[in-house]
Amino acid sequence: MYTAKQLAIIAHNNRRRIIDMVHEAGVGHVGGSLSVIDVLTALYENEIDFDAPQRARLVLSKGHCTPALYAEFTEKGLISQEEYATFRQLDSKLQGHPCARYYPQIDATTGLLGQGLSTGFGMAMAKRTNHDNHMVYVIVGDGELQEGQNWEALMAIGHYKLNNLAVFIDRNQLSSGGPTDDNITLEPLVDKLKAFNFAVLEIDGHNMDEILAAIDVAKSSPEKPYAIISNTVKGKGISFMENNPTWHSKGINDEQYKIALTDLAREMEVLA
């Protein structure tokens with residue numbers, strides 16, 4: 001198990017990988033990848049044991065954020081440097097959405113927004129039936145919650161009191177078209193989730209101490225599933241990307257790449 005500081009450094013290295021990947025490919029969902037990478041890193045590093053016959057599962061419902069997923073898989077040694085350079089190329093395993101056919105460590109093929117939580121519900125029900133006590137984690141985007149299927153899944157998860165499931169909501173408050181609440185407001189989000197029989201936590205999704213504490217609380221829940229609202233910044237760590245919806249999906253040119261590397265170097269000085 002890694003400490004919060006160790007995880008923060010790993011997440012920083014993953015941020016660099018995300019920037020490298022999108023710069024090299026000239027395309028990629030970079031903003032949301034940078035907002036979710038801290039939670040994603042903590043879960044994969046401390047909660048998912050790929051070598052165990054029975055293990056916790058993770059569904060990245062916001063599947064367009066594969067730069068974050070592939071960065072962490074590279075950290076875990078699952079993706080070689082040669083493969084890493086093929087992101088979104090024709091016939092590459094590293095496509096714009098995760099595909100379980102290519103990597104058995106990917107627990108669900110995702111990309112059509114709104115479906116991941118239903119998949120997680122099925123996994124959690126199966127684990128309960130099979131007396132498997134490992135957790136199921138689902139990461140959804142806040143804009144994704146505007147899809148109705150999420151609320152059907154939340155209703156079912158709450159009804160069956162699946163305390164072996166925790167959903168992390170990447171609450172960066174931006175979708176590709178601008179602020180999420182300008183499209184369809186999610187508020188009062190906490191009250192809605194509680195009405196669906198969820199216990200709710202709100203955390204700083206870039207603070208590893210808070211992320212780890214939230215995971216521990218969710219794992220020890222006696223009877224309710226947990227929804228963890230992870231308040232994040234889209235484009236986190238890169239000055240010209242932060243809170244800028246145009247960086248939902250966009251390539252990084254050479255000049256922007258240099259600025260991004262400077263920003264990341266400053267962040268590393270703080271972490272060190």
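Use the structure listed above.
How each quantity is defined
Residues numbered from 1 in each chain as written. Predicted model: local features only at pLDDT ≥ 70, side-chain atom pairs only at ≥ 80, totals over all residues. Heavy atoms only, no water. Helix = DSSP H or I, 4+ residues; strand = E, 2+ residues; numbered from the N terminus. Rg over C-alpha atoms; globule rule 2.2 N^0.38 Å. Buried < 20%, exposed > 50% of the residue type's maximum accessible area, 1.4 Å probe, protein only. Contact = heavy atoms within 4.5 Å. Areas by Shrake-Rupley, 256 points an atom, 1.4 Å probe, with all protein chains shown as cover. Axes fitted to C-alpha atoms, helices over the stretch in contact; angles between N-to-C directions. Parallel < 35°, antiparallel > 145°, perpendicular 65-115°, else oblique. Left-handed = near helix turned anticlockwise from the far one by under 90°. Nonpolar A, V, L, I, M, F, W, Y, C, P; charged D, E, K, R; others polar. Pairing = 2+ DSSP bridges. Right-handed = clockwise from strand over helix to strand, strands pointing away. Expected span 1.5 Å × (residues − 1). Arc of directions from axis to C-beta. Polar contact = N/O pair within 3.5 Å; in protein donor to acceptor, adjacent residues only side chain to side chain.

### Section: the overall build of the chain
Then, in step 1: Counting secondary structure elements, the chain contains ten helices and seven strands.
Then, in step 2: The C-alpha atoms of the chain give 17 Å as radius of gyration, which agrees with the globular expectation for 272 residues (19 Å, within 12%).
Then, in step 3: Seen through its principal axes, the chain has C-alpha atoms that stretch 50 × 45 × 40 Å.
Then, in step 4: The buried share of the chain, reckoned over its 272 residues, is 54%.
Then, in step 5: For the chain, the proportion of contacts with a sequence separation of at least 24, taken over those separated by at least 6, is 77%.
Then, in step 6: Only carbon and sulfur atoms are counted for the fraction: they give 49% of the accessible area of the chain, which is about 11700 Å².

### Examining the packing of helix α1 (residues 4–25) against helix α9 (residues 208–219)
Then, in step 1: Here α1 crosses α9 at 110 degrees, and the two axes come no closer than 9 Å. As the angle between them shows, α1 and α9 are arranged roughly perpendicular. For the element pair α1 and α9, the recorded crossing hand is right-handed. Residue-level inspection shows Ala4, Leu7, Ala8 and Ala11 of α1 in contact with α9, the latter providing Met208, Asp209 and Leu212.
Then, in step 2: Its residues placed into classes, the contact of α1 with α9 shows six nonpolar, no polar and one charged.

### Some remarks on the pairing of strand β7 (residues 226–231)
For a regular strand, the rule is simple: side chains alternate between the two faces of the sheet.
Then, in step 1: Burial runs high along β7: five of the six residues are buried.
Then, in step 2: Examined bridge by bridge, strand β3 (residues 165–171) and β7 share six bridges and lie parallel to one another. When the bridges of β7 are listed, Val167 appears paired with Ala227.
Then, in step 3: Sheet analysis places strand β6 (residues 199–204) next to β7, joined by six bridges and oriented parallel. Note on β7: the bridge partner recorded for Ile203 is Ser230.

### Some details on the sheet that holds strand β1 (residues 57–60)
Two orientations exist for strands paired in a sheet by backbone hydrogen bonds: parallel and antiparallel.
Then, in step 1: With respect to topology, five strands assemble into an open sheet ordered β1-β2-β3-β7-β6, the strand pairing being parallel. Edge positions in the sheet fall to β1 and β6, since each has one partner strand and no second. For this sheet, the mean angle separating the axes of adjacent strands, direction not counted, is 20 degrees.
Then, in step 2: Sheet topology places strand β2 (residues 136–141) next to β3; six bridges connect them, and they run parallel.

### What about the pairing of β3?
Then, in step 1: For β3, the buried fraction is high: seven of the seven residues fall into the buried class.
Then, in step 2: Going residue by residue along β3, you find Leu165, Val167, Ile169 and Arg171 tucked away on one face and Ala166, Phe168 and Asp170 tucked away on the opposite face as well.
Then, in step 3: A crossover connection joins β2 to the parallel β3 through helix α6 (residues 148–159); in handedness this β-α-β unit is right-handed.

### Re unusual backbone geometry
Then, in step 1: Cis geometry marks the peptide bond from Glu187 to Pro188; its omega dihedral reads 0 degrees.
Then, in step 2: When you line up the elements, Pro188 lands in the loop between α7 (180–183) and α8 (189–195).
Then, in step 3: Even without glycine at this site, Asn243 takes up a positive phi of about 55 degrees.

### Quick word on the environment of Leu7
Then, in step 1: Relative to the assigned elements, Leu7 resides in helix α1.
Then, in step 2: The contacts of Leu7, once residues within four sequence positions are left out, are Tyr2, Thr41, Ala42, Glu45, Asn46, Met208 and Leu212.

### So, helix α10 (residues 254–271)
Then, in step 1: In this model, α10 (18 residues) spans 26 Å end to end at C-alpha, consistent with the 26 Å of a helix rising 1.5 Å per residue.
Then, in step 2: Turning to α10, its buried residues are Gln256, Tyr257, Ala260, Asp263, Leu264 and Glu267. Looking down the long axis of α10, one finds its buried residues gathered within 125 degrees of arc, a one-sided arrangement. More than 90 degrees from the buried face of α10, the exposed residues found are Asp254, Glu255, Lys258, Arg266 and Glu269.
Then, in step 3: Among the residues of α10, the N-terminal cap falls to Asn253, whose side-chain oxygen and the backbone nitrogen of Glu255 are separated by 3.1 Å.

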